[in-house]
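# A closer look at the structure
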Amino acid sequence: TATDSFTYEVSDGNGGTNTAVVSVDVKGALNTIETISDRLPDTADIDIDIVFDGRSPNRAEVTITFDGRDDIGTLVATPAFCIDLSTPITTDPTDALVYSSYEPLPDRLDGKVDAPENLDLVNYILNLDNLSDFTFDEAQDAIWALIDDDKSLADLSDPEAIALYNDAIANGENFVPDEGEFVGVIFEPVDAAGNNAGQVYIAAVPFETLAEECVCP
């Protein structure tokens, strides 16, 4: 945001004058990854579905209702991927805490998101035009190798997963989604006491879904 001001004088034509000061605030871009991250609600209701797509029997999609965002309504985000290799999938509808993959993650996710510095690489994968050419398992393995300490490139045996991993390493550094792309949003299922209740997911949410329209007077 930048602020400037100027002074102007008006005359009534009969020798009378008056002056005033006008201040101008230039707010900058309305929708950036930072503003979208700031506007994400803290909680949501989620429902994970495991979908058979003919090639990979465990593709996941997440139905999301963001709390306090009636303007968004309910949306289905796909693909969605598991973040923590060692935690089982929870498919029952549940409350969840919501985080942007472009904000510092809280300490409560330590041990769940082992390499948050690689979430830009995961966002790169979520936005690949040819992601549908890979099976869910190939993409999931590449993502785990990027962000989970229990899996690395050396653990990958599928050539497609290796190719996807190498592509992200070579081209995904500092990737930031923009209009027409997807933002990786992280969902942590919680129980009634607010404790972690299962697998943490990252889902591809359309940028425009989280954007705001400029309302000018």
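Residues numbered from 1 in each chain as written. Predicted model: local features only at pLDDT ≥ 70, side-chain atom pairs only at ≥ 80, totals over all residues. Heavy atoms only, no water.

All right, on to the packing of helix α2 (residues 119-126) against helix α3 (residues 136-147) then. The geometry of α2 relative to α3 is characterised by a closest axis approach of 9 Å and an angle of 165° between their N-to-C directions. Here α2 lies roughly antiparallel to α3, going by the angle between them. Along this stretch, α2 crosses α3, giving a crossing that reads as right-handed. Every residue of α3 that contacts α2 at L121, V122 and I125 is listed here: I143, L146 and I147. (Axes fitted to C-alpha atoms, helices over the stretch in contact; angles between N-to-C directions. Helix = DSSP H or I, 4+ residues; strand = E, 2+ residues; numbered from the N terminus. Parallel < 35°, antiparallel > 145°, perpendicular 65-115°, else oblique. Left-handed = near helix turned anticlockwise from the far one by under 90°. Contact = heavy atoms within 4.5 Å.)

Moving on to the pairing of strand β4 (residues 59-66). With eight bridges joining them, strand β3 (residues 43-51) and β4 adopt antiparallel strand pairing. When the sheet's bridge partners are listed, I48 is paired in β4 with V62. When β4 meets strand β5 (residues 74-82), the two strands line up antiparallel, connected through five bridges. Along β5, the bridge assignment pairs T65 with T74. (Pairing = 2+ DSSP bridges.)

Another aspect to go through is the packing of aromatic side chains. The relative placement of two aromatic rings is captured by the distance of their centres and the angle of their planes. Applying the stated criterion across every chain yields a total of three aromatic pairs. Ring plane angle 10° and centroid distance 5.0 Å describe the contact between F81 and F136, whose orientation is recorded as stacked. Separated by 55 residues along the polypeptide, F81 in strand β5 and F136 in helix α3 bring together distant segments of the chain. Judged by its relative accessible area of 3%, F81 falls in the buried class. (Phe/Tyr/Trp six-rings, centres within 6.5 Å; stacked < 30°, edge-to-face > 60°. Buried < 20%, exposed > 50% of the residue type's maximum accessible area, 1.4 Å probe, protein only.)

Another point: the pattern of salt bridges. In total, this model carries four salt bridges according to the counting rule given. The partner of D71 in a salt bridge is R69, and the shortest N-O contact between them spans 2.8 Å. (Salt bridge = Lys/Arg side-chain N within 4 Å of Asp/Glu carboxyl O.)

Attention now moves to the pairing of β5. Across three bridges, the pairing between β5 and strand β8 (residues 201-206) is antiparallel. If you follow F81 over to β8, its bridge partner there is I202.

On to helix α4 (residues 159-171). The end-to-end C-alpha separation of α4 is 18 Å, in line with the 18 Å expected for 13 residues at 1.5 Å each. The complete set of buried residues in α4 reads A161, L164, Y165 and A168. Looking straight down α4, one finds its buried side chains confined to an arc of 100°; they lie on one side. Within α4, the exposed residues directed more than 90 degrees away from the buried face are P159 and A170. The elements touched by buried residues of α4 are α2 and α3. The N-terminus of α4 is capped by D158, whose side-chain oxygen sits 2.8 Å from the backbone nitrogen of E160. (Expected span 1.5 Å × (residues − 1). Arc of directions from axis to C-beta. Polar contact = N/O pair within 3.5 Å; in protein donor to acceptor, adjacent residues only side chain to side chain.)

This part covers the nonpolar core. If you look at the biggest cluster of nonpolar residues, it comprises 59 residues, and the most contacted ones within it are I64, F66, F187 and L210. Ranked by residues supplied to this core, first place goes to α3 with eight residues. Not counting the four nearest positions on each side in its chain, I64 is found in contact with A44, D45, I46, G73, T74, L75, A77, F187 and V205. (Core = buried A, V, L, I, M, F, W, Y, C linked by side-chain atoms within 4.5 Å.)

A few words now on the packing of α3 against α4. Two numbers describe how α3 lies on α4: the axes approach to 8 Å, and their chain directions differ by 45°. Taken as axis vectors, α3 and α4 run oblique relative to one another. Relative to α4, the crossing made by α3 is right-handed. Where α3 approaches α4, its residues E138, A139, D141, A142, A145 and L146 are matched on the opposing element by E160, A161, L164, Y165, A168 and I169. A per-class count over the contact of α3 with α4 returns nine nonpolar, no polar and three charged. (Nonpolar A, V, L, I, M, F, W, Y, C, P; charged D, E, K, R; others polar.)

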